[in-house]
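# A structural walkthrough
Read off the chains here:
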Amino acid sequence: MKTAITEMLGIEHPIVQGGMHYVGFAELAAAVSNAGGLGIITGLTQRTPELLAKEIARCRDMTDKPFGVNLTFLPTFTAPPYPEYIAAIKEGGVRVVETAGRSPEQYMPALKAAGIKVIHKCTSVRHSLKAQQIGCDAVSVDGFECGGHPGEDDMPNMILLPRAADELTIPFIASGGMADGRSLVAALALGAAGVNMGTRFIATKEAPVHQNVKDALLKATELDTRLVMRALRNTERVLTNKGVERLIEIEREKGKNLTIQDIHDEVAGVYPKVMVDGDMDAGAWSCGLVVGLIHDIPTVKELIDRIMAEAERLIRSRLTGFLDGDISGARKVA
Ligand SMILES: Cc1cc2nc3c(=O)[nH]c(=O)nc-3n(C[C@H](O)[C@H](O)[C@H](O)COP(=O)(O)O)c2cc1C
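Residues numbered from 1 in each chain as written. Predicted model: local features only at pLDDT ≥ 70, side-chain atom pairs only at ≥ 80, totals over all residues.

## As for the site of the ligand
Within the structure, the ligand sits among 29 residues, and Gly18, Ala100, Gly147, Gly198 and Gly288 are positioned closest to it. If you list the elements that add at least two residues to the shell around the ligand, you get strand E3 (67-73), strand E8 (195-197) and helix H9 (199-202). Partitioned by chemical class, the residues of the shell around the ligand number nine nonpolar, 16 polar and four charged. (Near = placed C-beta within 6 Å. Helix = DSSP H or I, 4+ residues; strand = E, 2+ residues; numbered from the N terminus. Nonpolar A, V, L, I, M, F, W, Y, C, P; charged D, E, K, R; others polar.)

Take a look at the structure:
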């Protein structure tokens, strides 16, 4: 399958792995790239630009295919040294960066001068248009379903993707709720040139996280995520657990007066506790509604091959069949 994204990124399948804190290490990024998608190392999980340079080198040892780095621009007072991170990305020969959080405008000249393709991940049409205007090569359009930060508009992909298709001239990929061949075909039908997946890639053999995390994803249904931090306008979709229940209780008590200090214990430093130690009640960690569609732990290659095979079957038999007047495939998907 060729799309504007496979051609832009030099990859075989239109499937990107979104940056994930404490998940997007070299092992996962290399596995996704080796399977024909685009793997992404999460830049800020590496505490310094030097450590990121080492992680890029480690990934390069595991794959000769293209891979990217995620740079999340956080609303913090003490910003990480982004120019040094960008230098590490450039010197590591990485040609694709997924930006997220705040607009990457300030860093676009450095990224473009390094010949890097920039995919900005955002949750609204207006931010997508801004990304296009400042020279981003593509956008990752993240719907309300997504694990992590869905923004404050609560716009699901069924509306967000066709709205993006109507407005954008640069290619975009669909992010949030993507899990299988059905998601890919639906995203393509709605105007996207591929998909970005987060949560689904955690439930794979190569994802370098504690087994408890994968087991929790298998056990959870689409009813088990919660939205937290709305009062701070920093809404995050997370998997519920005891820490999240505590957090929601505090949010109820404090109402509009909530401050980040009130929920410090439930949100700060949670990722290593969950992903490394497997402490599943530690607090808030991102997880998408798509968890309801996760029922196994395949290798990354098995997952990607399965998605592509299912997408092909859907397009060639189910959809083409309808056009030919054959209704037999109407309910049969796999
Ligand atoms: C555990 C986890 C950690 C994440 N960390 C980041 C991050 O550090 N930076 C970022 O831009 N996106 C992050 N995301 C969002 C993903 O890159 C992706 O946009 C999202 O997971 C897509 O929705 P899905 O989970 O439904 O596939 C994270 C998602 C998860 C599930």
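What follows picks up the thread again.
## Here's the deal with the domain arrangement of the protein chain
Here the protein chain is partitioned into domain 1 (4-207) and domain 2 (211-290). Facing the 20 residues of domain 1 at the interface are 16 residues of domain 2. Its residues assigned to classes, the side of domain 1 that touches domain 2 shows eight nonpolar, nine polar and three charged. (Domains from an automatic or database assignment. Contact = placed C-beta atoms within 7 Å.)

## Let's talk about helix H11 (residues 242-254)
Taking 1.5 Å per residue as the helical rise, H11 with its 13 residues ought to reach 18 Å, and the 19 Å between its terminal C-alpha atoms agrees with that figure. What H11 keeps buried is the set Gly243, Val244 and Leu247. An end-on view of H11 places all buried positions within 95° of arc, on one side of the element. What points out from H11, more than 90 degrees from its buried face, is the exposed set Lys242, Glu249, Arg252 and Glu253. In this fold, the buried residues of H11 make contact with strand E9 (225-228), strand E10 (236-239) and helix H12 (264-267). At the C-terminal side of H11, glycine 255 shows a positive phi close to 55°. (Expected span 1.5 Å × (residues − 1). Buried ≥ 20, exposed ≤ 12 C-beta atoms within 10 Å, placed from the backbone. Arc of directions from axis to C-beta.)

## Some thoughts on unusual backbone geometry
A positive phi angle, close to 65°, is found at tyrosine 22, a residue other than glycine. In this fold, tyrosine 22 is placed in the loop between strand E1 (15-17) and helix H2 (26-34). By C-beta crowding, tyrosine 22 is classed as partly exposed, having 18 other C-beta atoms within 10 Å. For arginine 233, which is not glycine, the phi dihedral falls at a positive 55°. Turning to its location among the elements, arginine 233 is positioned in the loop between E9 and E10. Judged by the 9 C-beta atoms lying within 10 Å of it, arginine 233 is exposed.

## A closer look at the environment of asparagine 234
Within the element layout of this structure, asparagine 234 appears in the loop between E9 and E10. Note: C-alpha distance between asparagine 234 and proline 75 (159 residues apart in sequence) is 9.6 Å.

## Observations regarding the sheet that holds strand E5 (residues 117-122)
Sheet architecture is open: eight strands sit in the order E1-E8-E7-E6-E5-E4-E3-E2, paired in parallel fashion. Here the strands that pair on one side only, and so sit at the sheet edges, are E1 and strand E2 (39-42). Averaged over neighbouring strand pairs, the angle between their axes works out to 30° when direction is ignored. Summarising the sheet, strand E4 (residues 96-101) and E5 pair through four bridges and their orientation is parallel. Within E5, the residue paired with valine 96 across the bridge is lysine 117. (Pairing = 2+ DSSP bridges. Axes fitted to C-alpha atoms, helices over the stretch in contact; angles between N-to-C directions.)

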